[in-house]
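# Structure at a glance
Here's the letter readout for the chains.
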Amino acid sequence: MAQLFPPSVDLYAKIVILGIGVFLVGGTYSFYLLNRSPYWTNVGVTLDQPVPFSHQHHAGELGIDCRFCHASVATSSYAGMPDTQTCMTCHSQIWKDAPMLEPVRRSYAENKPIKWNRVNEMPGYVYFNHSIHINKGVGCSSCHGRVDEMPITWKATDMTMGWCLSCHRHPEPNLRPLSAVYQMDWTTPKDPHTGQTWAVERNIQKDHLTDCSACHR
Amino acid sequence: MLRLSPLSSMKSLPLPPQVQIDAGGPRFWKSLEEWSQSPDFLPYLHREFPEYASAWDNGMSRRRFLKLMAASFALAGLTSCSRQPQEKIVPYVRRPEEIIPGKPLYYATTFSHRGYGKGVLVRTEMGRPTKIEGNPDHPASLGATDVFMQASILGLYDPDRSQTIRQGNDISTRDAFTQFVGARIEAHEQDQGAGLFLLTGKTTSPTLADQLQRLHERFPKLSWCSYEPAAPVRAQSILGHDAEPVYDLSKADIIVSLDADFLLDGPANLVLTKAFSKKRRDPAADFNRLYVIESAPSITGAKADVRWRRKPSEVITFTQQLAAAIAQGVAGDSPEIRQLANDLQQHRGRGVIIAGDYQPEVVHALAFQLNQTLGNIGSTVTYQEAQQTPIPTTSLPDFVTALKRRAASTLLIAGANPIYDLSPAWGFSNAMARVTHSIHLGLYDDETGSRCHWHVPGSHYLEAWGDILAIDGTPSLLQPVIEPLYPDAVSLVEVISLLVDLPPKKGYEIVREFWQRSLAADVPAAWELSLNKGVVAGLSPQALSPTPVVSVRDAPPEDLPNSSDLEILFRPDTAVDDGRFANNAWLQELPRPLTKLTWDNVAMISLATAKSMGVTTGDVVRLEAAGQSVDAPVWIQPGHADGCVSVTLGYGRSQLGEVANGVGFNAGLLRSSVAAWSQALTRAQATGARLELASTQHHFSMEGRDLIQIETLADYKTDPSQAQENQPNPPPEENLYPPFAYKDYAWAMSIDLNTCVGCNACVVACQSENNIPVVGKDQVFKGREMHWIRIDRYFEGEPEDPAMHFQPVTCMQCEDAPCEVVCPVGATVHTSEGLNDMVYNRCVGTRYCSNNCPYKVRRFNFLEYSDATHPTLALQKNPDVTVRSRGVMEKCTYCVQRIESARIDAQKEMRPIRDGEIVTACQAACPADAIVFGNINDPASRVSRLKALPRNYGLLADLNTHPRTTYLAKVTNPPTAI
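Residues numbered from 1 in each chain as written. Chains lettered and ligands numbered in written order. Predicted model: local features only at pLDDT ≥ 70, side-chain atom pairs only at ≥ 80, totals over all residues. Heavy atoms only, no water.

With that settled, consider the sheet that holds strand E3 (residues 105-113) of chain B. Residues and elements named next belong to chain B. One open sheet accounts for 3 strands, arranged E3-E4-E5; its pairing is antiparallel. A single partner strand is all that each edge strand has here, and the edge strands are E3 and strand E5 (128-134). Taking the axes of each pair of neighbouring strands and ignoring which way they run, one obtains an average angle of 40° across the sheet. In the sheet, E3 pairs with strand E4 (residues 116-125) via 9 bridges, with the strands oriented antiparallel. By the bridge assignment for E4, His113 is matched with Tyr116. Sheet strands in contact with helix H4 (residues 147-156) are E3, E4 and E5, and its direction is about 170° off that of E5. (Pairing = 2+ DSSP bridges. Helix = DSSP H or I, 4+ residues; strand = E, 2+ residues; numbered from the N terminus. Axes fitted to C-alpha atoms, helices over the stretch in contact; angles between N-to-C directions. Contact = heavy atoms within 4.5 Å.)

Below, the discussion takes up the packing of aromatic side chains. All names here are of chain B. Scanning the entire structure with this criterion turns up 26 aromatic pairs over all chains. Ring geometry for Trp29 against Phe795: centres 4.8 Å apart, planes inclined by 35°, an arrangement best described as tilted. Pair noted here: Trp29 is in strand E1 (residues 28-29) and Phe795 is in strand E32 (residues 790-796), with a separation of 766 residues, a long-range link. Phe795 matches Trp29 in its accessibility class, with the two residues each being buried. Ring geometry for Tyr291 and Trp308: centres 5.8 Å apart, planes at 25°, overall stacked. Pair noted here: Tyr291 is in strand E12 (residues 289-294) and Trp308 is in strand E13 (residues 306-309), with a separation of 17 residues, a long-range link. Like Trp308, Tyr291 is buried. (Phe/Tyr/Trp six-rings, centres within 6.5 Å; stacked < 30°, edge-to-face > 60°. Buried < 20%, exposed > 50% of the residue type's maximum accessible area, 1.4 Å probe, protein only.)

Omega for the peptide link from B:Leu502 to B:Pro503 comes to -5°, which places this bond in the cis form. With respect to the helices and strands, B:Pro503 occurs in the loop between helix H15 (492-500) and helix H16 (507-518). For A:Asn203, which is not a glycine, the phi torsion comes out positive at approximately 55°. Its place among the elements puts A:Asn203 in the loop between helix H10 (192-201) and helix H11 (206-209).

Residues and elements named next belong to chain B. Locating Asp446 in the fold gives a position in the loop between strand E17 (437-442) and strand E18 (454-457). Of the side chains with opposite charge, Arg653 comes closest to the buried, unpaired Asp446, at an N-O distance of 4.1 Å. Residues in contact with Asp446, not counting those within four places in the same chain, are Asn417, His440, Arg653, Gln655 and Leu656. (Lys, Arg positive; Asp, Glu negative; His and termini not counted. Salt bridge = Lys/Arg side-chain N within 4 Å of Asp/Glu carboxyl O.)

Glancing now at the packing of helix H6 (residues 206-218) of chain B against H16(B). Residue and element names in this part refer to chain B. Axis separation between H6 and H16 bottoms out at 10 Å; the angle between their running directions is 95°. With respect to H16, the axis of H6 lies roughly perpendicular. Contacts between H6 and H16 involve Pro206, Thr207, Asp210 and Gln211 from the former and Ile510, Val511, Phe514, Trp515 and Arg517 from the latter. (Parallel < 35°, antiparallel > 145°, perpendicular 65-115°, else oblique.)

Listing the buried residues of helix H5 (residues 84-91) of chain A in full gives A:Thr84, A:Thr86, A:Met88 and A:His91. Residues of H5(A) that are buried in the fold lie against helix H3 (55-61), helix H4 (66-69) and helix H6 (102-110) of chain A.

Contacts between the two partners involve 45 residues from chain B, matched on the other side by 50 residues from chain A. With both chains or domains summed, chain B and chain A bury close to 4300 Å², and 53% of this area falls on carbon and sulfur atoms. Counting across the interface, chain B meets chain A through 2 salt bridges. A salt bridge links B:Lys743 to A:Asp207; the nearest nitrogen and oxygen atoms lie 3.2 Å apart. Linking chain B to chain A there are 27 residue pairs in polar contact (both at pLDDT 80 or more). Where the side of chain B that touches chain A is concerned, the elements lending two or more residues are strand E2 (88-89), strand E34 (828-830) and helix H26 (896-908) of chain B. Examining the composition of the side of chain B that touches chain A, we find that 7 residues originate from one element, H26(B), more than from any other. Taken together, the residues that form the side of chain B that touches chain A break down as 18 nonpolar, 12 polar and 15 charged. When strand E1 (residues 116-117) of chain A meets E2(B), the two strands line up antiparallel, connected through 2 bridges. Its bridge partner lying in E2(B), A:Asn117 is registered against B:Lys88. (Buried area = accessible area lost by both parts, 1.4 Å probe. Polar contact = N/O pair within 3.5 Å; in protein donor to acceptor, adjacent residues only side chain to side chain. Nonpolar A, V, L, I, M, F, W, Y, C, P; charged D, E, K, R; others polar.)

Residues and elements named next belong to chain B. Counting residues in hydrophobic clusters, the biggest one holds 161 residues, and the most contacted among them are Leu249, Ile255, Phe262, Leu623, Val647, Trp747 and Tyr855. With 7 residues, H4 is the single largest residue contributor to this core. When near neighbours in sequence (up to four residues on either side) are disregarded, Leu623 contacts Ile568, Ala603, Gln628, Ser629, Val630, Ala632, Val645, Val647, Leu670, Leu681, Arg683 and Ala684. (Core = buried A, V, L, I, M, F, W, Y, C linked by side-chain atoms within 4.5 Å.)

Turning our attention to the pairing of strand E33 (residues 803-809) of chain B. All names here are of chain B. Burial analysis of E33 places 6 of its 7 residues in the buried class, the great majority of the element. One ladder, built from 7 bridges, connects E32 with E33; its direction is antiparallel. The residue of E33 that forms the bridge with Arg790 is Val809. Between E32 and E33, which pair antiparallel in sequence order, lie 6 residues; one of them, Gly797, sits at a positive phi of approximately 110°.

As C-alpha cells, this is what we get:
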C-alpha cells in the first residue's frame with residue numbers, strides 16, 4: 001500500500017510535538033509569571049477613589065500620625081477607616097469650598113458614607129489582626145510601604161501567603177522599637193541580633209506563627 | 001467483606017429496620033435495633049452514613065458523569081484565572097463613640113420565657129447581636145443558658161417575622177393604626193372599657209403592671225385574661241392561694257421528683273441544674289441521690305439513681321401511698337415505697353420532694369405535706385407567695401364566654417395564640433369573629449393574628465425596652481441591642497401607652513419613668529448600674545413570706561382515669577416549647593435529649609404498649625381524646641411507662657413560617673383545657689400509614705465499644721480508679737509518630753459525665769457561635785446533620801426499663817490524629833499547641849479524614865447548607881468564623897477564634913493567658929459546668945486537676961490517638977438495699 005504521509009511529515013510532526021511541549025511549559029510559566037505580576041497582585045497599581053486622597057500630603061507633608069485616621073490599629077483587628085467626621089474636623093475649616101472635597105461634604109450632609117475602593121485587600125478566609133502586629137513592633141511601612149510618598153494610594157507589597165510566611169517564619173528583621181512603628185523612613189538595623197533580642201523580649205511565640213489557625217479560622 | 005448492592009437510582013430511602021427483640025445485645029445500646037442486633041441493623045451501623053447517604057440519587061449514567069467531570073476539571077483550572085472583584089470599604093459618617101470595628105461589645109438584657117426572666121449577656125458586633133451568653137450576675141441564669149436562650153438570637157433575624165402593620169388584607173401605616181386606636185379610646189370612654197378585652201400571656205413585668213393599673217383606672221370595666229399554654233400547676237389549697245416553691249438543692253441529700261423535669265423545664269432550670277450538679281461533682285464529698293417517678297422519660301429521669309416508670313394516674317396513687325407511709329409511719333405495701341420512705345426519714349430536713357409542674361393539684365398538696373412532715377421546709381424548700389396580678393383577671397373560660405356573648409368591641413391579643421393553643425371545642429375562632437375590632441400584636445402573623453382585623457408586628461426582646469422578674473422575684477431590665485429591624489414593630493408597653501398616655505410614649509421613656517420612681521434613691525447612678533449589671537440595683541428580692549403550718553386534706557382528683565384505660569399525657573416540647581419557637585430552625589433540628597428526634601413530634605409509647613397495639617416506630621396512629629382526633633407517628637421509647645401515650649405540644653403549626661408550617665402534629669387539639677396535662681385517651685387506632693422519622697440516635701456511632709464508664713458510688717469508694725482499669729485495652733507504649741514537645745500552651749478539655757444532664761444547651765451554643773448550618777429533615781435522615789458537638793444517649797439494661805446516660809462528643813483534638821495523615825491537600829494539620837486545625841480553604845472534599853476518624857466527629861457540607869438567600873440571617877453570623885460553602889469539611893475547633901482572641905489580648909499586655917480566660921461556647925452555655933477547657937501545660941489549671949482525677953479516661957484510648965478531650969466517669973448513687 002502507498003504511504004499516506006510523505007517523509008517531510010516527519011519533520012512537521014517533530015516540530016508540532018516539540019511545539020506542544022514548549023506551549024505547555026511556556027504556558028505554565030506564563031501563568032506563573034502572571035500570578036506574580038501586578039496584574040494579579042495589584043502592587044503599584046493606583047486605584048481610583050471617590051476623593052483623590054493624598055497620603056503624601058497628609059501623612060508626609062503635614063505629618064499627621066497614622067492613628068489620627070486609622071484609629072483602632074493598635075487596639076483592634078481592623079485598622080479602621082476614618083469616618084467622614086474625621087475628614088470634616090479639618091475640612092470644615094480648611095479648603096471648605098474646594099470642589100475636590102465635594103463628595104466629603106455631601107457625605108456629611110446627607111449622612112451617606114463614602115465608598116472607598118479597597119487597596120490592601122485580603123481574601124475572606126484570612127483573619128488578619130493589626131493590633132498584634134503593631135504591639136509587637138511591626139511598623140506600618142514594613143507592609144504598606146512608603147505611604148507618606150503616595151499621592152494616590154497603591155498596594156506596596158504583594159501580600160500573598162508566601163510573603164506573610166516569609167516574615168512569620170523569620171520575624172526578626174521586620175521588628176522595630178515600639179516608638180518607631182509609625183515612622184515611615186525607618187530601616188532595618190544591620191545587626192541581626194537587635195531583631196532577635198526584640199523577638200525574645202516581646203515574647204513572640206514563633207512556633208505558633210506558623211500554625212494555620214493563627215490566620216485561618 | 002460487606003456486600004453492598006450496586007449503586008442505582010434511589011427513589012426512596014430505606015426505612016429504619018423493624019424491631020425484633022431476640023436476645024440481649026451490647027451493654028450500652030442506643031436504640032432497640034441495636035439492642036436486638038437484628039440482621040437488618042448491622043449493615044446500617046457499619047457505614048458512617050446510612051446506606052446510600054453518600055450516593056447521588058440522580059438518574060445520571062456513569063459515562064455521562066465522567067464526561068462532565070472531565071470537562072469541568074479542565075475548565076476548573078481556568079477559574080483560578082479570575083481576579084478578586086474590587087472590594088469597597090464603607091466607613092461610618094459619624095462613628096458612634098463606643099464602637100470599635102473588630103471589637104465586640106457586650107450588653108446585659110433579659111430573656112423572658114413563660115412570664116419569667118433569665119438574664120443574658122449579648123455579644124454585639126458593630127451594632128448587631130451575634131451571640132447570647134448567660135449573665136453571671138443574674139440569679140436565674142448564674143452565667144448559664146438553656147436551649148431557648150441560645151436559640152432566641154435566631155428568632156430576632158427570622159425572615160418569617162412580620163414586618164408591617166396589616167389592616168384586613170392591606171398593608172397599613174403607624175399613623176393609621178394610631179388613628180384607629182384613638183377612635184377606640186373615644187368609644188371606650190363612653191362605656192368605661194366594658195367592651196375592651198385584653199388577652200396576653202403571663203407577664204411579671206413591673207412596668208407593664210403599672211401601665212395596666214393606669215389602664216384599669218381609665219377604663220375600670222375592662223377585662224384582662226392572661227394564660228400560658230404551659231403554665232405550671234400550683235396547689236391553691238396551700239396557703240389559700242398559689243404558693244411558689246423555691247428549692248435549694250445545695251442542701252438536699254435526697255431529691256424525689258414526682259414527674260418533675262426540674263433539670264430542663266421551668267424558670268428555675270438553670271439554678272437547679274447548677275445546684276444539683278454541684279453535689280454530684282465530687283464522689284469523695286457530698287453526693288446527692290435522686291429518685292424519679294415519671295411516665296415519659298426525661299433528662300431528670302436519666303440522671304436518676306432510682307427511677308420508676310408509672311403512668312400518670314399511678315403517679316398520683318404512688319404519691320398518696322408515700323404520703324401515707326411517711327405520715328403514719330406505716331411500711332407501705334410496695335418495696336419501693338418502703339425503701340423511699342426509709343431513705344427520706346433517714347435524711348429528715350435534708351431531703352426534698354419536688355412535685356412536677358404538670359402534676360395535678362393533689363400531688364402538689366401532698367408534696368407540700370411531705371416536705372412539711374419531713375422538716376424540709378426552711379432548708380431545702382421554701383414556699384413563697386406567687387406574684388399577684390396588678391389588676392383583676394378573668395379566667396379563660398369566662399373570657400371566651402364573654403366574647404361569644406358579643407361583649408367585646410375591642411380585643412387586643414398580645415403574646416398569646418389561642419387559635420393554636422386551644423382545641424376547636426372552645427370555639428375561639430367563632431368567639432373572635434364576634435368581636436367588632438380585633439388587634440393582634442406578635443412576632444409573627446400567626447394562626448391567631450391572621451384572624452384579627454389588625455396585625456401589628458411585635459418587637460423582639462433584643463430590640464425592645466422592658467423589664468421582668470425572675471422566678472425568685474428579682475427584677476431586671478430589658479434593653480435593646482439593635483435598632484428595631486422593622487420600623488413598625490412595637491412592644492406591648494408601647495401599645496398600652498397608646499391607650500393611656502397622651503402623647504403616646506416610646507418604650508425607653510415608659511420604662512425609664514417607671515424605674516425613676518422605683519429605684520432606690522440612695523444608690524448612685526442606679527439606672528446605669530442596673531442596665532450594666534442586668535439586675536436592678538438597690539432593690540432586694542421580694543421578701544419571702546413565712547410558711548405557716550397547714551394541714552392539707554388530700555382530696556382525690558376529680559376524674560382519675562380507670563386503671564385499665566390508656567392515658568395520654570402532654571408536655572411542652574423540649575425544643576419548640578409550647579410552639580412559640582417552632583419556626584426556629586436550630587431548635588427544630590436539635591436532636592431531642594431522649595429520643596434524638598429532629599423535625600417531628602411523636603406519640604411516645606413503651607415497648608409493651610406497642611406490642612399490645614400492634615404498632616412499631618413510624619406507624620401512624622389516630623389518637624382520640626376529648627372529642628378531637630389527630631394522626632400521630634408512634635415512637636417506641638425504652639423506659640416509657642406502660643399504658644400511656646405521651647405527646648409534645650408545639651407542632652402542627654399552619655401559619656408561622658417556612659420552617660414550622662406542616663411539621664409534626666398539633667397535640668394540643670386533644671387537650672380538654674389549657675390546664676389539662678394528662679387525661680384518658682379514648683382511642684388509639686393504627687391507620688396503616690407510615691412516617692419516616694429523622695432520629696440521630698444511630699448517626700456517627702462508635703460501634704458498641706465501651707464508651708461510657710459508669711460505677712456506683714460504693715464501688716468508687718473502694719476503688720476510685722476503676723474507670724481507668726476498665727478500659728478494654730490499655731494504650732500501647734510504642735508509637736509510630738515521633739514525640740512532640742508542646743512548649744507553650746497545650747489546650748485540652750475535660751467533660752464530666754457525672755454532672756452533664758444532657759440538656760443540649762452546648763449544642764445550640766456551638767451552632768450559634770460557629771455559624772453551623774441547618775440541613776433539614778431529609779438531610780438529617782441521611783445522617784448529614786452538622787452539629788459539631790453531639791450528645792450521645794446510651795441505654796443500659798433491659799429495653800423496657802433501661803438506665804440512660806449522656807455523653808457529649810466533640811472533636812477530640814487527638815495528639816496523634818488519624819485524620820491528619822490522610823488528607824491529600826494538608827487541610828487538616830496539627831498546631832504547636834495541640835489543636836487539630838481545619839483549614840477550609842484547602843479542603844477539596846475527599847472526606848478521607850472523616851472516614852479515618854474513629855469518633856466520627858467530622859461534618860461534611862454535602863450541599864450548600866449555609867443560607868445565602870435571606871439577608872437577615874447573614875447578620876447573625878459570627879464574623880470571626882468562616883461560613884463554610886459546600887464541599888468543605890468542618891469540625892469542632894475548640895473555639896479557636898476565642899483562643900486566638902484571648903492570646904492576642906494577653907500578648908498585647910505581655911502576660912500569659914490566665915486559666916479560665918478562654919471559655920469555649922459549649923463551656924459557657926453549660927448550666928452544670930460539665931465542660932472545662934484549659935491549658936494542661938499548667939499543672940494548676942482546672943483542666944489539669946480534673947485530668948489527674950482517678951475517674952479520668954479517654955474515649956477509645958486503645959487506638960492510641962491521645963485525645964485531648966477526656967471524660968470523667970459517671971458515678972451513680974443507688975441505695976444499698978432495696
